[in-house]
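# Chains, contacts and geometry: an overview
Given next are the chains, with one letter for each unit.
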Amino acid sequence: MGRPDKTNKHSIVTPTDAQILSGIWANENPSNRGYNSTTGMYTSFPDPNGKDKLIGPGLKVGSTVEDRPYTRKELDAIALRYGRNSLQTIGDEYNSVYGTPEFPTPWDTVSVAPKLLMQDVRTRTGKLSQKKWPSLYNAVSRGDMIRALQESRTKFKRKGVEHPDNDRVRRSAETFFPGMFDVTYEKDSWDPVTITRKKQQFGGKKSLETIR
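All values derive from a computational prediction rather than experimental measurement. (Residues numbered from 1 in each chain as written. Predicted model: local features only at pLDDT ≥ 70, side-chain atom pairs only at ≥ 80, totals over all residues. Heavy atoms only, no water.)

## Details of the packing of helix α2 (residues 72–98) against helix α3 (residues 112–125)
A pair of packed helices is characterised by two quantities: the angle between their axes and the separation of those axes. Put simply, α2 and α3 touch, their axes get as near as 9 Å, and they point 105° apart. Taken together, the axes of α2 and α3 lie roughly perpendicular to each other. Judged by residue contacts, Tyr82, Gly83, Ser86, Leu87, Thr89 and Ile90 of α2 engage Lys115, Leu116, Met118, Gln119, Arg122 and Thr123 from α3. Split into classes, the residues belonging to the contact of α2 with α3 amount to five nonpolar, five polar and two charged. (Axes fitted to C-alpha atoms, helices over the stretch in contact; angles between N-to-C directions. Helix = DSSP H or I, 4+ residues; strand = E, 2+ residues; numbered from the N terminus. Parallel < 35°, antiparallel > 145°, perpendicular 65-115°, else oblique. Contact = heavy atoms within 4.5 Å. Nonpolar A, V, L, I, M, F, W, Y, C, P; charged D, E, K, R; others polar.)

As structure tokens, then:
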């Protein structure tokens, strides 16, 4: 569940560094592209969904990193800083809508998985304002993780044509809610992705709570 701060009136749920990095790498570069096993360094590779170059966990060359070799430790430090800043920005948006005079910071008590799901969407889109993503924020506020996953879908361009990134929803479910949901969809269909809660959970991938 992250690191609760029991000195406050309510427990503040904060994702650990390892949880943030695990989510970023699993979704942005699960195949470890750009890694040279001989040198132990990462170099750039073409963005599969655009014209840019990326390094390591989806870090954009030119705006976030330089086009040079990096160690895993260097990339983790950059990705973690970005992830923490993203969570802070999302939290401020969330609190501005769902906070009350009695409880101004409800983002504090949102669980690790939905926090990292929203952080992942912001990584893909660059911004995650409540104004443009009201249904995602609302689903998280209600604890409706099936709807949150459905609303996390983004799109990408291939040869100038926009496509729904349905498979990213599947990967997000496996990364942030391992063993909890079945995700099915038709390729290139703009219909909502179908997500059902599994009747039985057999384990498999590590739960976020076990990653420290």
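There is more to say after this.
## Some points on the layout of surface pockets
By volume, the largest pocket is sized at about 1400 Å³. Looking at the lining of the largest pocket residue by residue, the class counts come to 17 nonpolar, 15 polar and 18 charged. Empty space within the second largest pocket amounts to approximately 230 Å³. Taken together, 13 residues form the lining of the second largest pocket, with Thr14, Leu87, Gln88, Trp107 and Lys115 sitting closest to its centre. A total of six residues in the lining of the second largest pocket trace back to one element, the largest contributor, which is α2. Partitioned by chemical class, the residues of the lining of the second largest pocket number five nonpolar, four polar and four charged. (1 Å grid on protein atoms, 1.4 Å probe; cavity = no way out; pocket = protein on both sides within 12 Å on 5 of 7 lines; lining within 4 Å. Points joined across faces, edges and corners; volume = space filled by probe spheres on them.)

## Side note on α2
Helix length check: α2 (27 residues) gives 37 Å between terminal C-alpha atoms against 39 Å at 1.5 Å per residue, within 8%. Every buried residue of α2 is accounted for by Leu75, Asp76, Ile78, Ala79, Leu80, Gly83, Ser86, Leu87, Ile90, Gly91, Tyr94 and Asn95. Buried-residue contacts for α2 involve α1 (17–28), β2 (41–42), β4 (53–55), β5 (59–60), α3 and α4 (134–142). (Expected span 1.5 Å × (residues − 1). Buried < 20%, exposed > 50% of the residue type's maximum accessible area, 1.4 Å probe, protein only.)

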